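In case you want the letters, here they are:
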Amino acid sequence: MYKRPMLSKELVAASTVPLVLSVLTEGESYGYALIARVRELSGGQIEWSEGMLYPVLHWMETERLVEAEWRESEAGRKRKYYRISRTGRRALADEKDQWLAVHATLSRLWKPQTIPA
Amino acid sequence: METPNDTGLNEAIRLWRAGLADAGTMRPADLDELEIHLRDSIGQLTRTGLASEEAFLVARRRLGTAGGLTAEFAKVNGHEIWLTRVLWMVGGVMVALLMEKLSSTAANLALFANASIQLEGQPLVWFVLGAQWFPAFAMAALCWMGIRSLPGRLLSRAGSAPRHPWLTTFGAALGLFLVTALSVGTQVLVFRGAGGIAELGTVMVCRSYAMLLAPLVVWPALLCWLLRRRARSVTRSF
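Predicted model, so just to flag it, every value in this text is computed and none were measured.

Overview of the overall build of chain B
Link 1 in the chain: Across its full length, chain B holds eight helices and zero strands.
Link 2 in the chain: When the elements of chain B are put in sequence order from the N terminus, they spell out α-α-α-α-α-α-α-α.
Link 3 in the chain: By the burial criterion, 34% of the 238 residues in chain B qualify as buried.
Link 4 in the chain: Across chain B, every contact between residues at least 6 apart in sequence was considered, and the portion connecting residues at least 24 apart equals 76%.
Link 5 in the chain: Counting every atom, chain B has about 14200 Å² of accessible surface; 68% of that belongs to carbon and sulfur.

A word on unusual backbone geometry
Residues and elements named next belong to chain A.
Link 1 in the chain: Despite not being glycine, R64 has its phi angle at roughly 60 degrees, a positive value.
Link 2 in the chain: Counting through the fold element by element, R64 comes out in the loop between α3 (53-62) and β1 (66-72).
Link 3 in the chain: Overall, R64 belongs to the exposed group, its relative accessible area being 62%.

Overview of the packing of aromatic side chains
Describing an aromatic ring pair means giving the distance of the ring centres and the angle of the ring planes.
All names here are of chain A.
Link 1 in the chain: Going through the model one piece at a time under the given rule, you end up with one aromatic pair over all chains.
Link 2 in the chain: When the ring of Y30 is compared with that of Y81, the centres are 5.6 Å apart and the planes differ by 80 degrees; the resulting orientation is edge-to-face. Placement of the pair is Y30 in the loop between α1 (9-24) and α2 (31-41) and Y81 in strand β2 (residues 78-84), with a sequence separation of 51 residues.
Link 3 in the chain: For the cation-ring pair, R71 lies above Y81, with the distance from its terminal atom to the ring centre recorded as 4.6 Å.
Link 4 in the chain: In this arrangement the basic side chain of R79 is found over the ring face of Y30, its NZ or CZ atom lying 4.2 Å from the centre.

With respect to the interface of chain A and chain B
Link 1 in the chain: Listed per partner, the contact involves 20 residues of chain A and 26 residues of chain B.
Link 2 in the chain: Around 2100 Å² of area is buried between chain A and chain B when both sides are counted, 59% of it from carbon and sulfur atoms.
Link 3 in the chain: Among the residues chain A hides against chain B, the three largest losses belong to A:Y32, A:W70 and A:R77. Together they make up 36% of the total.
Link 4 in the chain: Our enumeration of links across chain A and chain B arrives at one salt bridge.
Link 5 in the chain: Applying the counting rule to chain A against chain B returns eight residue pairs in polar contact (both at pLDDT 80 or more).
Link 6 in the chain: Secondary-structure elements contributing two or more residues to the side of chain A that touches chain B are α2, α3 and β2 of chain A.
Link 7 in the chain: For the side of chain A that touches chain B, the element with the most residues is α3(A), which contributes five residues.
Link 8 in the chain: Looking at side-chain class alone, the side of chain A that touches chain B contains ten nonpolar, four polar and six charged residues.

Describing α3(A)
Link 1 in the chain: Listed in full, the buried residues belonging to α3(A) are A:L53, A:Y54, A:P55, A:L57, A:H58 and A:M60.
Link 2 in the chain: At the exit of α3(A) stands A:R64, carrying a positive phi of roughly 60 degrees.

Looking at helix α2 (residues 28-47) of chain B
All names here are of chain B.
Link 1 in the chain: An ideal rise of 1.5 Å per residue puts 28 Å on 20 residues; α2 measures up with 29 Å between its terminal C-alpha atoms.
Link 2 in the chain: Counting buried residues along α2, 17 of its 20 residues qualify, which places the element largely inside the surrounding structure.
Link 3 in the chain: Just past α2, the residue G49 takes up positive phi, approximately 110 degrees.

A short note on the environment of B:H164
Link 1 in the chain: Of note, B:H164 is situated in the loop between α6 (152-159) and α7 (165-194).
Link 2 in the chain: Between the alpha carbons of B:H164 and B:C224 there is a distance of 9.9 Å; along the sequence they are 60 residues apart.

Topic: the nonpolar core
Link 1 in the chain: Of all hydrophobic cores here, the largest spans 36 residues; its most connected members are A:V20, A:L21, A:W48, B:W16, B:L34, B:L38 and B:I42.
Link 2 in the chain: Those elements giving two or more residues to this core turn out to be α1, α2, α3 and β2 of chain A together with α1 (7-22), α2, α3 (52-63) and α4 (66-117) of chain B.
Link 3 in the chain: Among the elements that make up this core, the one with the highest residue count is α1(A) (six residues).
Link 4 in the chain: The contact partners of B:W16, leaving out residues within four places of it in the chain, are B:L34, B:E35, B:L38, B:F56, B:R60 and B:L63.
Link 5 in the chain: In terms of nonpolar packing, the next biggest core, distinct from the first, is built from eleven residues, B:L87, B:L97, B:A172 and B:L216 among them.

With respect to the pairing of β1(A)
Residues and elements named next belong to chain A.
Link 1 in the chain: Sheet analysis places β1 next to β2, joined by seven bridges and oriented antiparallel. Each residue of the ladder has a partner; that of V66, found in β2, is I84.
Link 2 in the chain: In this antiparallel pair of consecutive strands, β1 and β2, the connection spans five residues, and G76 shows a positive phi of 90 degrees.

A look at the pattern of salt bridges
It is possible for side chains of opposite charge to pair when their charged atoms get near one another.
Residue and element names in this part refer to chain A.
Link 1 in the chain: Tallying each qualifying case throughout the model produces 16 salt bridges over all chains.
Link 2 in the chain: Measuring nitrogen to oxygen at the nearest pair gives 2.8 Å for the salt bridge that ties R37 to E26. Of this pair, R37 sits in helix α2 while E26 sits in the loop between α1 and α2; the two residues are eleven residues apart in sequence, bridging distant segments of the chain.
Link 3 in the chain: R37 sits in the partly exposed class, given a relative accessible area of 26%.
Link 4 in the chain: Residue E26 is classed as exposed on the basis of its relative accessible area of 52%.
Link 5 in the chain: In this structure, E40 engages R37 in a salt bridge whose closest nitrogen and oxygen atoms are separated by 3.2 Å. Here R37 and E40 lie together in helix α2, a separation of three residues that amounts to about one turn.
Link 6 in the chain: A network of salt bridges, in which partner residues are shared, links E28, E67, E69, R71 and R83.

The rules behind the values
Residues numbered from 1 in each chain as written. Chains lettered and ligands numbered in written order. Predicted model: local features only at pLDDT ≥ 70, side-chain atom pairs only at ≥ 80, totals over all residues. Heavy atoms only, no water. Helix = DSSP H or I, 4+ residues; strand = E, 2+ residues; numbered from the N terminus. Buried < 20%, exposed > 50% of the residue type's maximum accessible area, 1.4 Å probe, protein only. Contact = heavy atoms within 4.5 Å. Areas by Shrake-Rupley, 256 points an atom, 1.4 Å probe, with all protein chains shown as cover. Phe/Tyr/Trp six-rings, centres within 6.5 Å; stacked < 30°, edge-to-face > 60°. Lys NZ or Arg CZ within 6 Å of the ring centre and 35° of its normal. Buried area = accessible area lost by both parts, 1.4 Å probe. Salt bridge = Lys/Arg side-chain N within 4 Å of Asp/Glu carboxyl O. Polar contact = N/O pair within 3.5 Å; in protein donor to acceptor, adjacent residues only side chain to side chain. Nonpolar A, V, L, I, M, F, W, Y, C, P; charged D, E, K, R; others polar. Expected span 1.5 Å × (residues − 1). Core = buried A, V, L, I, M, F, W, Y, C linked by side-chain atoms within 4.5 Å. Pairing = 2+ DSSP bridges.

Below is the structure:
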């Protein structure tokens, strides 16, 4: 079976929380839509084992990074909606600094011509 | 068309959900959320032209294996799994206590009945032992058979007890109280029957009151505390 190269397990584990928090800054969402959004944005390169997202979401809820609420959608289906909290925004800012630091360092290493003198 | 609504699909989803529930690491709300996800996924796939059976298989695979899912949920739900186990243990102790009271009631009645049969020595001892142990075994067997043959609807009613902590605790306390009262009542009957040693009888009755009332308070209190802890930690489901 052909398998397109995807993120390693470790990288998926490390990036799930910042990805979820970032998608939630666009507005509240639910599990299925979160996964669809990440798949779309990554051009299919980030593919979660879908069910694994829920334990992470629940952990984020107990850590108060997100707030959750059961509500009925317009289509009449009950769903659990997640929304980023104030703590979540602070955590995301920290995550962003760290990811950008890694990204900047790797970028400099991989494109020698852009290294500042 | 939001949900494909055929019986075969609903049955397949029901079985899939029951399989996950068996592992005991997911709360009903977790299962609700996963089921909604599965149905969303199936809806999406059938819109692209898949038959509902194929859509179910693909959606289930995308969601992850049962082993992987239950293991991941166990990591975040560890606290609640522990609470649930202790809850059932306390329930078990209370049932054992209930049976002990009922069987000692039977023993007391046997002693009282002996006043008219007039057994003495060895036969009396065996008579009382038999009267206490036989009902205990009979009740244990009945409990076992009763739980196994209980229809699913009633069993799930019993499973909803944690959602009504005060009611459940009150029921347990009332049940224990009534059975204890019965046991103490028959003990008084025995001492009345013994006559002569009335003073010793009073002392014995007071002592057994103290011994019997302590578990009446301690076990329901522990049960209530556990149920309330659990109710707080379980996310509100629909």
